[in-house]
Amino acid sequence: MEMQHDNVGDVRKVVLMGRLDTKGVDLVETRFGAAIVPNGKNTIVDLTQVTFLASMGIRMLIATTRALSRKGGKLVLYGAGPGVMDVIETTALTDIIPLAATEIEAMGLVAG
Amino acid sequence: MQGREHGGLRSAAIVNGKLELVLNNTIAAIEDGRSRMLDFPPVQALEAPVRHRLEVIFEELVANTIRHGFTEHSCQSIHVSIEQRPGAMELIFEDDGRAFNPLEMPPPEPFSSIETARIGGLGIHLLARLSADLRYERLTPTAPPSEDRAFMPTNRIVVSIAV
């Protein structure tokens, strides 16, 4: 599991790469939170290269979004492939974390 | 401590067209078992979204058993059988851990806000929603445990995934 982060204007952009399973979450969760929560910036998370998502990954996304929300920031996901989308839809995650198809759409949602 | 000394996978074999895995009581069993499952030709032939569901179900059940069903550092084990059936892939999970019936778990509360969203408990929900059929059986060991006893399962979960 790999992760990159950058700023696009005032928005934090985080790119996740690999499997958000038990092992992957264990490897990336601390860095993921540290890249997003402390500065409280609105954040978009690129899931394009996430090949697998299970409940541990959902838990990480909820926990980080909640911590960011307490600092006044918003988090938007984008780019989920079919398998990842299946899990997101099954858990109704989009009821609490917005999901966009593209980076441009995500930037619009996080700014809105 | 045999279960701790051999990584996650104790054994793997294809018997009468079924893949049979024996997993140790360690989190490494998730990754080691999954890798072996993906090498099984009927699994390789699945379309990607179906294979993803199979992997999710495998991960959630094995992780749940190791975290909640087993005694830490014990040599308890999970025996998994994977077989292609007409229109479905069937997985049978047997373990010698504490009783756990996923069918008795209440569905999680719907999300209403990020502040109140439950962080845990989604794995069993995923298991139930992604499977076409889910059955549980509590098994009664036929002999008292002993050091050299054969595996005597106490839980059996049968999961089918539509293909």
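Residues numbered from 1 in each chain as written. Chains lettered and ligands numbered in written order. Predicted model: local features only at pLDDT ≥ 70, side-chain atom pairs only at ≥ 80, totals over all residues.

Re the interface of chain B and chain A
Rules: Once C-beta atoms have been placed from the backbone, residue pairs whose C-beta atoms lie within 7 Å are recorded as contacts. Labels follow the DSSP assignment, with helices taken as runs of H or I lasting at least four residues and strands as runs of E lasting at least two, numbered in each case from the N terminus. Here the term charged refers only to Asp, Glu, Lys and Arg, the term nonpolar to Ala, Val, Leu, Ile, Met, Phe, Trp, Tyr, Cys and Pro, and the term polar to all other amino acids, Gly among them.
On the chain A side, the residues contacting the 26 residues of chain B number 22 residues. Where the side of chain B that touches chain A is concerned, the elements lending two or more residues are α2 (28-38), α4 (48-69) and α5 (122-130) of chain B. Grouping the amino acids of the side of chain B that touches chain A by side-chain chemistry returns 14 nonpolar, five polar and seven charged.

Quick look at the packing of α2 of chain B against α4 of chain B
Residues and elements named next belong to chain B. Test applied: Axes here refer to lines fitted to C-alpha atoms; in helices the fit is confined to the stretch in contact. Angles between the N-to-C directions go from 0 to 180 degrees. Here the word oblique covers every angle except those under 35 degrees (roughly parallel), over 145 (roughly antiparallel) and from 65 to 115 (roughly perpendicular). Crossings are classed by handedness, with left-handed meaning an anticlockwise turn of the near helix from the far one by less than a right angle and right-handed meaning a clockwise turn.
Axis separation between α2 and α4 bottoms out at 10 Å; the angle between their running directions is 150°. The orientation of α2 with respect to α4, classified from their angle, is roughly antiparallel. Crossing angle aside, the handedness with which α2 passes α4 is right-handed. In this structure, α2 uses Ala29, Ile30, Gly33, Arg34 and Met37 to contact α4, whose residues at the interface are Glu55, Phe58, Glu59, Val62, Ala63 and Ile66. Tallied by class, residues from the contact of α2 with α4 come to seven nonpolar, one polar and three charged.

Topic: the pairing of strand β5 (residues 133-138) of chain B
All names here are of chain B. The condition that has to hold: Whether a residue is buried, exposed or partly exposed follows from its count of other C-beta atoms within 10 Å of its own C-beta, namely 20 or more, 12 or fewer, or something in between, respectively; the C-beta atoms are built from the backbone. The rule for pairing is simple: two strands pair if DSSP sees at least two bridges between them.
Little of β5 is tucked away: zero of the six residues are buried. Summarising the sheet, β5 and strand β6 (residues 155-162) pair through six bridges and their orientation is antiparallel. Counted as the bridge partner of Tyr136 is Ile157 from β6.

Concerning the environment of Val25 of chain A
Relative to the helices and strands, Val25 of chain A is located in helix α1 (residues 22-36). Setting aside its immediate chain neighbours within four residues, Val25 of chain A contacts Leu20, Met56, Gly57 and Met60 of chain A.

With respect to helix α3 (residues 82-91) of chain A
Inspection of α3 of chain A places Gly83, Val84, Asp86, Val87, Ile88 and Thr91 of chain A among the buried residues, and these make up the whole buried set. Considering only its buried residues, α3 of chain A is in contact with β3 (43-53), α2 (55-69) and β5 (99-100) of chain A together with α4 and α5 of chain B. Note on α3 of chain A: the residue one or two positions beyond its end, Ala92 of chain A, has a positive phi of about 60°.

Let's talk about the packing of α2 of chain A against α5 of chain B
The description of two packed helices rests on the angle between their axes and on the distance between the axes. Two elements in contact, α2 of chain A and α5 of chain B, have axes whose closest approach is 8 Å; the angle formed by their N-to-C orientations is 130°. Between α2 of chain A and α5 of chain B, the angle is such that the two are oblique. Crossing of α2 of chain A over α5 of chain B shows right-handed handedness. Here Ser55, Ile58 and Arg59 of chain A of α2 of chain A come into contact with α5 of chain B, specifically with Leu122, Gly123 and Leu126 of chain B. Class assignment for the residues of the contact of α2 of chain A with α5 of chain B results in three nonpolar, two polar and one charged.

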